[in-house]
Amino acid sequence: MFDNLLISRVRRSENDKIAAIMQFLNENDLRIDTTIEEFITLSRGGRLIACGGLAGNIIKCVAISDSARGEGLALTLATELINLAYEWQRTHLFIYTKTENEDLFAKCGFYTLVRVPGIMVLMENNPSSIGRYIKQLSLQRHEGAKIGSIVMNANPFTNGHRYLVEQAAAQCDWLHLFLVKEDTSRFPYKDRLALVLEGTRGISGLTVHPGSEYIISRATFPCYFIKEQNVINHCYTEIDLKIFRQYIAPALGITHRFVGTEPFCQVTSQYNRDMQFWLQTPSLEFPPVEIVEIPRLCYLDIPVSASRVRKLLVKKDLQTIAHMVPPDTLNYLQRLLSTRQTSPLLAPTSG
């Protein structure tokens, strides 16, 4: 069945071949993902019959022609993609795929992390990776009746972030703070982490956790095979919060999750509402996590937000920013302006 099968690698710069892949994906009700660095294609008789791409350590845009199903091409395609990833020294791989492909990729050595029933699954290629992460987390567990958590991007870290941490820590026996790791924010992850560590100095009963691949980012989400924006947001939220409730919260004994009120961003506001459901619904077998919403800190009657700081930074209004961020963040932003590193100062992203 593999007679005359041609296996090729296609770089994003190969425009003619990329155009053919785009057409093939469209025929299979998929869209191309612009983050893919290289594709693997399978062809027969000059006709494309399967493809998949690699973006970082995530396999995306997997499609197999209906006429070629049942030939074992999924295994061939997955093997080629894994070999490509290993050549690039990326050994821990994830795949987002449609529900109907779950069994195919299970046979290729992928293990399901979480499902959105009837729509998609998130899988990874090592069954022990999540276990190692959970074990690592459990070493930082603190006992208590009320163990809190916060997940933040801190883009950059503001007085509003510190206020949220202070208020949450005061209500808990211990507080765990997770920083989103994905480097798609205006400020690099390593800088954001350093500012969080400095900005939370002196707050007792707090553990700051470095970012993790299991704190999901929109950068890794497969919007290329979901067309409706409301469904994209729903799936993203469901995956993120199911992972948190199923794996992360039990490892640390987390009972509460703290969030700030969201007066500006509708997406974040909806996320907070969805959090109320997914972390507390009895339809999931894992212990519930109670949501606590804390009113935002204000400056001149306007809620302090990272997005506002970024807008002021574009205007070089450090005088106003000085009232909204801790000293270490202010010094960092001053250095950025003085060295003319303007790339992080462009259009705002979520905070």
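Criteria and thresholds
Residues numbered from 1 in each chain as written. Predicted model: local features only at pLDDT ≥ 70, side-chain atom pairs only at ≥ 80, totals over all residues. Heavy atoms only, no water. Helix = DSSP H or I, 4+ residues; strand = E, 2+ residues; numbered from the N terminus. Buried < 20%, exposed > 50% of the residue type's maximum accessible area, 1.4 Å probe, protein only. Contact = heavy atoms within 4.5 Å. Areas by Shrake-Rupley, 256 points an atom, 1.4 Å probe, with all protein chains shown as cover. Polar contact = N/O pair within 3.5 Å; in protein donor to acceptor, adjacent residues only side chain to side chain. Pairing = 2+ DSSP bridges. Axes fitted to C-alpha atoms, helices over the stretch in contact; angles between N-to-C directions. Parallel < 35°, antiparallel > 145°, perpendicular 65-115°, else oblique. Nonpolar A, V, L, I, M, F, W, Y, C, P; charged D, E, K, R; others polar. pLDDT = per-residue confidence, 0-100.

On to the overall build of the chain. Each helix and strand counted, the chain has 11 helices and 14 strands in total. Within the span of the chain, comprising 351 residues, buried residues form 52% of the whole. A fraction of 70% describes how many contacts in the chain between residues 6 or more apart in sequence connect residues 24 or more apart. Of the roughly 16600 Å² of accessible surface on the chain, 51% is carried by carbon and sulfur atoms.

Attention now goes to the side chain of D33. Topologically, D33 is positioned in the loop between α1 (15–27) and β2 (38–44). Looking at D33, its side chain comes within polar contact range of the side chain of T35, at 2.4 Å.

Moving on, we get to the side chain of K242. Relative to the helices and strands, K242 resides in helix α7 (residues 229–252). Judged by relative accessible area, K242 falls into the buried class, the value being 12%. Within polar-contact distance, the side chain of K242 engages the side chain of E238 at 2.7 Å. Those residues in contact with K242 that lie beyond four places of it in its chain are V114, R115, P117, Y247, W278 and L284.

Strand order in the open sheet made by the 3 strands is β8-β9-β10, with parallel pairing throughout. This sheet does not close on itself; its edge strands, each paired only once, are β8 (147–152) and β10 (206–209). Averaged over all adjacent pairs, the angle separating strand axes in this sheet is 20°, with direction ignored. Pairing between β8 and strand β9 (residues 174–179): 6 bridges, direction parallel. Bridging across to β9, V151 finds its partner in F178. Strands in contact with helix α5 (residues 159–170) are β8, β9 and β10; relative to β8, the strand with the most contacts, it is inclined by about 165°. Helix α6 (residues 189–199) contacts β9 and β10 of the sheet and is inclined by roughly 160° relative to β9.

On to the packing of α6 against helix α11 (residues 327–338), then. As a packed pair, α6 and α11 sit with axes 8 Å apart at the nearest point and diverge in direction by 150°. Taken together, the axes of α6 and α11 lie roughly antiparallel to each other. Together, D191, L195 and E198 of α6 and D328, T329 and Y332 of α11 make up the contact between the two elements. Here the contact of α6 with α11 is composed, by residue class, of 2 nonpolar, 1 polar and 3 charged.

Turning to the sheet that holds strand β4 (residues 58–64), a few remarks are in order. The strand order across the open sheet formed by 7 strands is β1-β2-β3-β4-β5-β7-β6, and the pairing between neighbours is mixed. Among the strands making up the open sheet, the edge pair consists of β1 (5–11) and β6 (111–116). The mean inter-strand angle of the sheet, taken between neighbouring strand axes irrespective of direction, is 20°. Running over the sheet, α1 touches β1, β2, β3 (47–55) and β4 and is turned about 100° from β3.

Let us now look at the confidence of the model for the chain. Of all residues in the chain, 89% attain a pLDDT of 70 or more, and the chain-wide mean is 88. Of the regions scoring below 50 in pLDDT, residues 344–350 engages in 22 contacts with residues more than four places distant in sequence or in other chains.

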